[in-house]
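# Summary of the model geometry
Residues per chain are reported as follows:
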Amino acid sequence: MYLVNRENKQSKKIEPVTFTSLGLKEREDLQEWIVREPLILGEELLIIQKEFAGFSDTNERLDLLAIDRKGELVIIENKLDDTGKDVTWQAMKYASYCSTLGKEGIRKIYQDYLNKTEPGIAAEDRICDFLNKSDFDEVQLNHDLAQRIILVAREFRKEVTSTVLWARKFRIQIQCIKVIPYIFEGHLLLDTEQIIPVKDVADIIISLDEKAHDEIATGAEIAERELIRDRFWRELLLQMNTQSSLYIGINTEANHYDHWLSTGAGMGGLSYTFVITKKYAAVELGINKASQEENKAIYDALVINKETIETNFGEALSWQRLDEKKMSRITCILDGVNIFNDDDWPKIKEFLISKMIQFSETMKPYIAKIKPGM
């Protein structure tokens, strides 16, 4: 790694160091860095347990257990400066133990973890949010028994990389990620590099896996729900477009399989959204520009007028700044209805159409006052 002076074109090499020389520990340091920022490993992961020992007839503990964006389990095994010679076998054992975990078992494991780290948070809600699912019934976890393994260390022994390459020939999903520490002007820098598989090759493999997942992994129950939502959206838009031009241009012939349907709100990054789930229906204003800072500034500009907006709208709204997320939203919710119950459809349609028309008219002048780039 080099530090480059852009003015005089000089460069200075920053020498790597070892974790041991810095007095760093595997569990107290490296593991905690990954827990707090899983993107260190190059992808979005939901850590659901650490130092997991919930295996029958063994006292072994795996370092970290996570879920990826496809709902697959990821076994993460951390080492510091040297992997040792048995890390691959160790991780494969853990993967075999985890292969028997079902959806409810995974939920319970994560809930136990949240009870210690974030009391009051429901595991199913956090998992649904991470996987972008409307309710836990639609979530599939560990469903094709393709557990993944990520090995993390500063240096990988040849016998480890050789075993990993051999295992990958048999479609065992193992990655090796190098983590190298540097010290510069008193700051600890961390450089990560995926060495197996080579990243460009991995991207191609991941793309093929995702395509196969999209085409064949969707269960019959989920497919049926998608068809129900598609039918509902078509009927709703036909009725909505006779009363408002807000959703004119949304193609009613397209397939609308998801639990939400959006249209523009008169400003880039802002949208009006219909939401339908098994437990509620909602209309909302989503604030989702590229910058989290800008989103929060827009939300703050709107919430100042909360009392007047709610008076004009005719009822209280749910104001969700969502400080930990990039987006914010303002929502009107109808609880106690189920999109998969046809008897609820008239009530849901009436609510969505009437509230969206009133909501968009109420918000329109306030959105118009928002200054670009705020």
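Structure: above.
The notes below deal with the structure included here.

Rules and cut-offs
Residues numbered from 1 in each chain as written. Predicted model: local features only at pLDDT ≥ 70, side-chain atom pairs only at ≥ 80, totals over all residues. Heavy atoms only, no water. Helix = DSSP H or I, 4+ residues; strand = E, 2+ residues; numbered from the N terminus. Buried < 20%, exposed > 50% of the residue type's maximum accessible area, 1.4 Å probe, protein only. Contact = heavy atoms within 4.5 Å. Areas by Shrake-Rupley, 256 points an atom, 1.4 Å probe, with all protein chains shown as cover. Lys, Arg positive; Asp, Glu negative; His and termini not counted. Charge placed at Lys NZ, Arg CZ, Asp CG, Glu CD. Pairing = 2+ DSSP bridges. Axes fitted to C-alpha atoms, helices over the stretch in contact; angles between N-to-C directions. Core = buried A, V, L, I, M, F, W, Y, C linked by side-chain atoms within 4.5 Å. Parallel < 35°, antiparallel > 145°, perpendicular 65-115°, else oblique. Salt bridge = Lys/Arg side-chain N within 4 Å of Asp/Glu carboxyl O.

A few words on the overall build of the chain. The helix and strand tally for the chain stands at 10 helices and 13 strands. When its C-alpha atoms are laid out on the principal axes, the chain stretches across 70 × 55 × 40 Å. A buried classification covers 45% of the 374 residues belonging to the chain. Once local pairs closer than 6 in sequence are excluded, the contacts in the chain between residues at least 24 apart make up 61%. Surface summary for the chain: the accessible area is close to 20,000 Å², and the carbon and sulfur share equals 50%. Treating the 49 positive side-chain charges of the chain as one cloud and the 62 negative ones as another, the clouds have centres 3 Å apart.

For the rest of this paragraph, the subject is the sheet that holds strand E11 (residues 280–287). Taken together, the 5 strands give an open sheet; going across it, the order is E9-E10-E11-E13-E12, and neighbouring strands pair in antiparallel fashion. Edge strands, defined here as strands with exactly one partner in the open sheet, are strand E9 (260–264) and strand E12 (318–320). On average, each strand axis in the sheet is inclined to that of its neighbour by 20°, with strand direction left out of account. When E12 meets strand E13 (residues 328–335), the two strands line up antiparallel, connected through 3 bridges.

With that settled, consider the nonpolar core. Within the largest apolar cluster, 56 residues are counted, with the highest numbers of intra-cluster contacts made by Leu41, Leu65, Ile76, Ile127 and Leu151. In this structure, Ile127 is in contact with Leu46, Ile67, Tyr110, Phe136, Val139 and Leu141, ignoring residues within four places of it in sequence. Tyr272, Leu285, Ile309 and Val337 belong to the second-largest nonpolar core, a separate cluster that totals 42 residues.

This part takes up the sheet that holds strand E7 (residues 173–184). Taking strand neighbours across the sheet as the criterion, the 6 strands line up as E3-E4-E5-E6-E7-E8 in an open arrangement whose pairing is mixed. Each having just a single partner strand, strand E3 (46–52) and strand E8 (187–196) make up the two edges of the open sheet. The mean angle between the axes of side-by-side strands here comes to 25°, regardless of whether they run parallel or antiparallel. Taken together, the 4 bridges between strand E4 (residues 62–67) and strand E5 (residues 73–78) define a ladder with antiparallel strand orientation.

Let us look at the pairing of E4. With 6 of its 6 residues buried, E4 lies for the most part within the structure. Of the pairings in the sheet, the one linking E3 to E4 comprises 5 bridges and is antiparallel in character. In the strand pairing of E4, Phe52 is matched with Leu62.

Take the pairing of E7 next. Burial within E7 is extensive, with 9 of its 12 residues counted as buried. Sheet topology places strand E6 (residues 148–153) next to E7; 6 bridges connect them, and they run parallel. Its bridge partner lying in E7, Val152 is registered against Ile177. Of the pairings in the sheet, the one linking E7 to E8 comprises 9 bridges and is antiparallel in character.

Turning our attention to the packing of helix H3 (residues 103–117) against helix H4 (residues 123–131). At a closest axis distance of 9 Å, the pairing of H3 and H4 adopts a crossing angle of 110°. The pairing of H3 with H4 is recorded here as roughly perpendicular in orientation. Between H3, through Arg107, Tyr110, Gln111 and Leu114, and H4, the contact on the second element is made entirely by Ala123, Glu124, Arg126 and Ile127.

As a further point, take the pattern of salt bridges. Applying the stated criterion across every chain, the model contains 30 salt bridges. Among the salt bridges present, the one from Arg231 reaches Glu235, with a minimum N-O distance of 4.0 Å. Of this pair, Arg231 and Glu235 both sit in helix H7 (residues 220–240), 4 residues apart, which is roughly one turn of the helix. A relative accessible area of 36% places Arg231 in the partly exposed class.

In short, geometric facts, not functional conclusions.
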